[in-house]
Each structure stands twice: as structure tokens, then as C-alpha cells.
Amino acid sequence: PWFKDKSLSYLVTDTELSFGSGESESFYAGAFSASYMTQKTEDDMDMTFIETLNGDIFKSYRACHKLIFNPDGTVNEPKKYAFKLTVGLIHNKKNSGIAPVARSWIVCVKSGRTEVSSASRSEVIKDTITFQKLRPDMFMV
């Protein structure tokens, strides 16, 4: 339910494209220190969107948020609120629809915020949405 209109995805002004990272543990073998990798890690990702006149970004966030949390305070299982999110770089003059660099994750919305000011009436409203990376896309079934 994030976007019913796919063209809204072009309203992202800032995001991060994580290459991933790893955790390691170290041990000593005599006088030498050695390390080995133990796990891949990825946490959350912020994306900043230009808000539309109809509040589409806010409405998408609220729709996803309602899928996670029930009115009685319980939380649904991930299959009810997780979705695939792909972040890619596009060329502003030669958009073939295929991003030369892209990453995909299974995510959910974690938080959303916007900053508004009555002093700046002609400013564009931007919403920052934080997506929790649940797992890499390769594990989607």
C-alpha cells in the first residue's frame, strides 16, 4: 500500500543506498590478533519525499502503519505489513527505467516526520520516512 501511483516514487529527494556492512569478532592467537566475520548487518533507511498537494506521502505512511498496529494495541505478523522496496539511481536525462545501481529489501515503515513553518509559506513540504529493513530481497518468498 505504499504507493498506489508509482510515479510518486520520483518524489524522493534524499536517501541512502546501503552497500551493506558486516560484524566481526576478534581473537588472539599467541601475540597476534585475528578476526573473522560473523554476520551481515543492515538496520533502517531514511527517505525524504516531496509531499504532494493531496498528502499522498502521509497517507501512504498511515496506511502502512495501520497494517502493523491494531487498534487494540497488538502487532500483526510481518507478512501483513512487509513489502519490497527498491532504491536505485536514475539518470535525469536518459531514464530508460532501468537503474544502473539498485538494491532491494523487504521493509516496513518505522517512523515518519515532517518539518513545517508558518514563516516560510512558499517552501516545499518534505516528509522523512524511516523504513526498517527486515531482510534483503533475496529471501523474499
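Since we're looking at a predicted model, the values are computed, not measured.

Next up on the list: the environment of V12. Looking at the secondary structure, you find V12 in strand β1 (residues 12-15). Overall, V12 belongs to the partly exposed group, its relative accessible area being 26%. Sequence separation between V12 and T48 is 36 residues, and the spatial gap between their C-alpha atoms is 5.6 Å. If we ignore the near neighbours within four places in the chain, the residues touching V12 are M47, T48 and F49.

Another aspect to go through is the environment of T41. Assignment of secondary structure puts T41 in strand β3 (residues 32-41). Judged by relative accessible area, which is 21%, T41 ranks as partly exposed. Between the alpha carbons of T41 and G20 there is a distance of 6.5 Å; along the sequence they are 21 residues apart. Filtering out sequence-adjacent residues up to four positions away, T41 remains in contact with G20, S21, G22 and E23.

Overall, antiparallel pairing links the five strands, which are arranged β1-β4-β7-β6-β5 in an open sheet. For this open sheet the edge positions go to β1 and β5 (83-88), each flanked by a neighbour on one side alone. Each strand axis lies, on average, 45° off the axis of its neighbour in the sheet, ignoring direction. In terms of strand pairing, strand β4 (residues 44-50) meets strand β7 (residues 126-136) through seven bridges, oriented antiparallel. Bridged to I50 within β7 is K126.

At 3.6 residues per turn, the α-helix brings residues three or four places apart onto the same side. With 13 residues, helix α1 (residues 56-68) should cover 18 Å at 1.5 Å per step; its first-to-last C-alpha distance of 19 Å lies within 8% of that length. Inspection of α1 places I57, S60, Y61, C64, H65 and I68 among the buried residues, and these make up the whole buried set. Along the axis of α1, the buried residues cluster in a sector spanning 130°; they form a single face. Exposed and oriented more than 90 degrees from the buried face of α1 are F58, K59 and K66. Considering only its buried residues, α1 is in contact with β4, β5, β6 (102-114) and β7.

Here we come to the pattern of salt bridges. What the rule picks out here adds up to three salt bridges. Notably, a salt bridge pairs K110 with D44, separated by 3.1 Å at the nearest N-O pair. With K110 in strand β6 and D44 in strand β4, the pair connects residues that are 66 residues apart, well separated along the chain. You can call K110 partly exposed: its relative accessible area is 43%. With a relative accessible area of 25%, D44 lands in the partly exposed category.

Bridge count for strand β2 (residues 21-29) against β3 is nine bridges, and the pairing is antiparallel. Note that in β3 the partner of S24 across the bridge is M37.

Burial along β5 is one-sided: F83, L85 and V87 are buried, and none of K84, T86 and G88, which face the opposite way, are. Across six bridges, β5 lies against β6 in antiparallel orientation. Pairing of L85 across the sheet is with W105, part of β6.

What counts, and at which threshold
Residues numbered from 1 in each chain as written. Predicted model: local features only at pLDDT ≥ 70, side-chain atom pairs only at ≥ 80, totals over all residues. Heavy atoms only, no water. Helix = DSSP H or I, 4+ residues; strand = E, 2+ residues; numbered from the N terminus. Buried < 20%, exposed > 50% of the residue type's maximum accessible area, 1.4 Å probe, protein only. Contact = heavy atoms within 4.5 Å. Pairing = 2+ DSSP bridges. Axes fitted to C-alpha atoms, helices over the stretch in contact; angles between N-to-C directions. Expected span 1.5 Å × (residues − 1). Arc of directions from axis to C-beta. Salt bridge = Lys/Arg side-chain N within 4 Å of Asp/Glu carboxyl O.

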